[in-house]
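Fold and geometry: a report
Chain residues, written in single-letter form:
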Amino acid sequence: MSIRMPAEERREQILDAATRAFAEGGYAGTSTDHVAKEAGVSQPYVVRMFGTKLELFLQVLTRACSAIEETFAAVIASDDFDPETGDVQLGTAYTELLADSDLLRVMMHGFATGGVPEIAATARTQMARIFSTLQRTGWDEERVRDFLAVGMLLNVLLSMGAFGPDGKTDGLGDLIGSCLPEELIARVEESE
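Here goes a summary of the coordinates provided. The shown structure was predicted, so the numbers you read here are calculated from the model rather than taken from an experiment.

Interaxial distance between helix α1 (residues 7-25) and helix α2 (residues 32-39) falls to 8 Å at its minimum, and their mutual angle equals 120 degrees. By the angle between their directions, the pair α1 and α2 is classed as oblique. Helix-helix and strand crossings are classified by hand; for α1 and α2 the assignment is right-handed. Residue-level contacts link Gln13, Ile14, Ala17, Ala18, Arg20 and Ala21 of α1 to His34, Val35, Glu38 and Ala39 of α2. Of the residues belonging to the contact of α1 with α2, the class tally is six nonpolar, two polar and two charged.

Next comes the structure, spelled out in structure tokens:
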């Protein structure tokens, strides 16, 4: 006799599987059948639960961006948050979050799929939420913009494998170093 998984747990299982699948193949290159196989369920079950591939991708993208927004919000709300050095605190939290590279890759696929109006709208909404959260640091708009811009450059570098598993940066070491505060570089080097 098998024990049935509660619907909410099954939903999370499918979202986890969809995150892995979309991180690998993007929106256009991933089918609901692929997600179903990754989750160990039937394709009709995925469609019954989420409707369309588009709706499933939108939920995965929103979930990924929400994880970032919630991580930033928690750092900013903490008693030890210091606006003067907050970029290091936020950068450290973001770096820890990106230990799961699927999160980053789903987000990048979402931003790159702006030709699908619903995906573009969701990406804009999520970026606006992250921007709004960062404004709670007390930083001026220029500093928030710069933090986001450097973060997006790091995302691009990460997504192209510029940090390499063997420490090779393929000539991008100076660019990577220019994006990271010295305190964060020291923390990254300590964790290796």
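The next thing to look at is the packing of aromatic side chains. In the structure shown here, the tally under the stated rule is five aromatic pairs. On the basis of an interplanar angle of 85 degrees and a centroid distance of 4.9 Å, the ring pair of phenylalanine 22 and phenylalanine 57 is categorised as edge-to-face. Pair noted here: phenylalanine 22 is in helix α1 and phenylalanine 57 is in helix α4 (residues 53-77), with a separation of 35 residues, a long-range link. Neither residue differs from the other here; phenylalanine 22 and phenylalanine 57 are each classed as buried. Grouping aromatic residues by their ring pairs yields a cluster made of Phe72, Tyr94, Trp139 and Phe147.

Turning our eyes to something else, we now look at the pattern of salt bridges. Inspection of every chain in the model, using the stated rule, returns 11 salt bridges. Salt-bridge contacts for arginine 63 lead to glutamate 12; the nearest nitrogen and oxygen are separated by 3.0 Å. Residue arginine 63 is located in helix α4, and its partner glutamate 12 is located in helix α1; the two are separated by 51 residues in the primary sequence. Residues glutamate 69 and arginine 136 are paired through a salt bridge, measuring 3.7 Å at the closest nitrogen-oxygen approach. Pair noted here: glutamate 69 is in helix α4 and arginine 136 is in the loop between α7 (117-135) and α8 (141-159), with a separation of 67 residues, a long-range link.

Here glutamine 89 lies in helix α5 (residues 86-97). A polar contact is formed between the side chain of glutamine 89 and the backbone oxygen of aspartate 80, at a distance of 2.9 Å. Sequence-distant contacts of glutamine 89, that is, excluding residues within four places in its chain, are made with Val75, Asp80, Phe81 and Asp82.

What follows deals with the packing of α5 against α8. In the contact formed by α5 and α8, the axes pass within 12 Å of each other and the chain directions differ by 30 degrees. One element, α5, and the other, α8, form an angle in the roughly parallel class. Along this stretch, α5 crosses α8, giving a crossing that reads as right-handed. Residues Gly86, Asp87, Leu90, Gly91 and Tyr94 of α5 lie in contact with α8, whose contacting residues are Arg143, Phe147 and Asn155. Looking at the contact of α5 with α8 residue by residue, the classes come out as three nonpolar, three polar and two charged.

What counts as what
- Residues numbered from 1 in each chain as written.
- Predicted model: local features only at pLDDT ≥ 70, side-chain atom pairs only at ≥ 80, totals over all residues.
- Heavy atoms only, no water.
- Axes fitted to C-alpha atoms, helices over the stretch in contact; angles between N-to-C directions.
- Helix = DSSP H or I, 4+ residues; strand = E, 2+ residues; numbered from the N terminus.
- Parallel < 35°, antiparallel > 145°, perpendicular 65-115°, else oblique.
- Left-handed = near helix turned anticlockwise from the far one by under 90°.
- Contact = heavy atoms within 4.5 Å.
- Nonpolar A, V, L, I, M, F, W, Y, C, P; charged D, E, K, R; others polar.
- Phe/Tyr/Trp six-rings, centres within 6.5 Å; stacked < 30°, edge-to-face > 60°.
- Buried < 20%, exposed > 50% of the residue type's maximum accessible area, 1.4 Å probe, protein only.
- Salt bridge = Lys/Arg side-chain N within 4 Å of Asp/Glu carboxyl O.
- Polar contact = N/O pair within 3.5 Å; in protein donor to acceptor, adjacent residues only side chain to side chain.

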